[in-house]
Amino acid sequence: MAWSIAEVARMSGVSSRTLRHYDEIGLLAPAFMGGNGHRYYEEAGLLRLQQILLMRELGLGLREIAAVLESQVDQVAALRAHRSRLLAERDRLDVLARTVGRTIAELEEEKETSDMEKIGNPENLFAGFDTDRYEGPAHEQWPGQAEQSAQFAATLTEADQERMQREATAAMVRMAEFMQAGTPVTDPAVQAEVDAHYEGICRMWTPSAVAFKALGQNYADDAQWRTTYDQIADGLAAYQRDAMVAYADARLS
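Residues numbered from 1 in each chain as written. Predicted model: local features only at pLDDT ≥ 70, side-chain atom pairs only at ≥ 80, totals over all residues. Heavy atoms only, no water.

**Focus on the overall build of the protein chain**
Consideration 1: When you go through the protein chain residue by residue, the secondary structure sums to 12 helices and 3 strands.
Consideration 2: By the burial criterion, 34% of the 253 residues in the protein chain qualify as buried.
Consideration 3: Restricting to contacts in the protein chain with at least 6 residues of sequence separation, those with at least 24 account for 64%.
Consideration 4: Taken as a whole, the protein chain presents about 14,600 Å² of accessible surface, with 51% of it coming from carbon and sulfur. (Helix = DSSP H or I, 4+ residues; strand = E, 2+ residues; numbered from the N terminus. Buried < 20%, exposed > 50% of the residue type's maximum accessible area, 1.4 Å probe, protein only. Contact = heavy atoms within 4.5 Å. Areas by Shrake-Rupley, 256 points an atom, 1.4 Å probe, with all protein chains shown as cover.)

In structure tokens:
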């Protein structure tokens, strides 16, 4: 069975002009041209168009999509991979929705309590937090690092502190997205986030593998730190700790 370009445009929501463009660049050729000069597509073309639209939804450009389609051998395996990415994106959006939901709940509760400070920005999740505890038990095992951290903190302006708080919040949300998607802590993308975390700490002091692991353990063990992480997503403190252990073993040992 074959469908005209007009029928495919109606079914898919892709304009005839775009379908013709896909043909011109070699991305989606019609099965044949009719005697009237119109393009006609068969089932294989419709399945290919579905894959194109899936990858477009995932943010891939046309050149990237062409490269993926050219390298594909097993169509079912490719669709499964697309489905996995869509499910991961759904989980990422679920994390963001829960984060926004918690903020809404806090704001609604605070409307009824005049003596509570409102959370006007997401970075205020960290307002008033004792940053000297950032290194946790590591200070006790490696003397002198608390002083280095204090010296660094003394150089920060209020704007610097707010920027660092925003960055910390964003980093936690990204890690939560990876966790909810089931991404292993050894995944390169997760480890890139941990590397940025490590580099941020190195602006204050340079932890060894043992110290970095101890810091990660402190995130999971210390009630205040654990609450800070887990209010973004349940289990995030433990996920962060495990990712830091993997980083320390691979990069610092």
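**Regarding the packing of helix α3 (residues 43–57) against helix α4 (residues 62–71)**
Consideration 1: Across the interface, α3 lies against α4 with an axial gap of 10 Å and an inter-helix angle of 130 degrees. The orientation of α3 with respect to α4, classified from their angle, is oblique. The chirality of how α3 crosses α4 is right-handed. For the pair α3 and α4, the contacting residues are R48, Q51, I52, M55 and R56 in the first and L62, I65, V68 and L69 in the second.
Consideration 2: Looking at side-chain class alone, the contact of α3 with α4 contains 6 nonpolar, 1 polar and 2 charged residues. (Axes fitted to C-alpha atoms, helices over the stretch in contact; angles between N-to-C directions. Parallel < 35°, antiparallel > 145°, perpendicular 65-115°, else oblique. Left-handed = near helix turned anticlockwise from the far one by under 90°. Nonpolar A, V, L, I, M, F, W, Y, C, P; charged D, E, K, R; others polar.)

**Things to note about the sheet that holds strand β3 (residues 39–41)**
Consideration 1: Here 3 strands make up an open sheet; going across it, the order is β1-β3-β2 and the pairing antiparallel. The sheet terminates laterally at β1 (3–4) and β2 (32–33), the two strands that pair on one side only.
Consideration 2: Judged from the 2 bridges that link them, β1 and β3 form a sheet pairing that is antiparallel. For S4, the partnering residue across the bridge sits in β3 and is Y40. (Pairing = 2+ DSSP bridges.)

**Examining the nonpolar core**
The tendency in soluble globular proteins is for nonpolar side chains to be buried side by side.
Consideration 1: M175, V194, F212, Y229, L236 and Y239 are the most contacted members of the largest nonpolar core, which has 30 residues in total.
Consideration 2: Only α8 (158–180), α9 (188–202), α10 (209–221), α11 (223–230) and α12 (236–252) provide two or more residues apiece to this core.
Consideration 3: Broken down by element, this core gets its largest block of residues, 8 residues, from α12.
Consideration 4: In this structure V194 touches M175, F212, A243, M244 and Y247, once residues within four positions along its chain are discounted.
Consideration 5: Counting 16 residues, the second largest nonpolar core, distinct from the first, contains V14, L19, Y41 and I65. (Core = buried A, V, L, I, M, F, W, Y, C linked by side-chain atoms within 4.5 Å.)

**A short note on α9**
Consideration 1: When the terminal C-alpha atoms of α9 are compared, their 20 Å separation across 15 residues agrees well with the 21 Å that a helix rising 1.5 Å per residue should span.
Consideration 2: Burial in α9 covers these residues: V190, Q191, E193, V194, H197, Y198, G200 and I201.
Consideration 3: On its buried side, α9 packs onto α8, α10, α11 and α12.
Consideration 4: Sitting at the amino-terminal end of α9 is D187, which places a side-chain oxygen 2.9 Å from the backbone nitrogen of A189. (Expected span 1.5 Å × (residues − 1). Polar contact = N/O pair within 3.5 Å; in protein donor to acceptor, adjacent residues only side chain to side chain.)

**Concerning the side chain of R39**
Consideration 1: Along the chain, R39 falls in strand β3.
Consideration 2: Accessibility expressed as a relative area gives 16% for R39, which makes it buried.
Consideration 3: With near-sequence residues (within four places) excluded, R39 lies in contact with W3, S4, I5, R20, D23, P30, F32 and M33.

**Observations regarding helix α1 (residues 5–12)**
Consideration 1: Listing the buried residues of α1 in full gives I5, V8 and A9. All buried residues of α1 fall inside an arc of 100 degrees around its axis, so they share one side.
Consideration 2: Taken together, the buried residues of α1 touch β1, α2 (16–24), β3 and α3.
Consideration 3: Once α1 finishes, G13 follows within two positions and takes phi at roughly 85 degrees, a positive value. (Arc of directions from axis to C-beta.)

**Comments concerning the packing of aromatic side chains**
Given two aromatic rings, one states the distance between the centres and the angle between the planes to describe the pair.
Consideration 1: Counted under the stated rule, the structure contains 7 aromatic pairs.
Consideration 2: Ring centres of Y198 and Y247 lie 5.6 Å apart, and the angle between their planes is 40 degrees; on these two criteria the pair is classed as tilted. Of the two residues, Y198 sits in helix α9 while Y247 sits in helix α12, which places them 49 residues apart along the sequence.
Consideration 3: The exposure class of Y247 is buried, given its relative accessible area of 2%.
Consideration 4: Every member of this aromatic cluster is reached through a ring pair, and the members are Y198, F212 and Y247. (Phe/Tyr/Trp six-rings, centres within 6.5 Å; stacked < 30°, edge-to-face > 60°.)

Remember that the coordinates give geometry; whether it matters functionally is a separate question.
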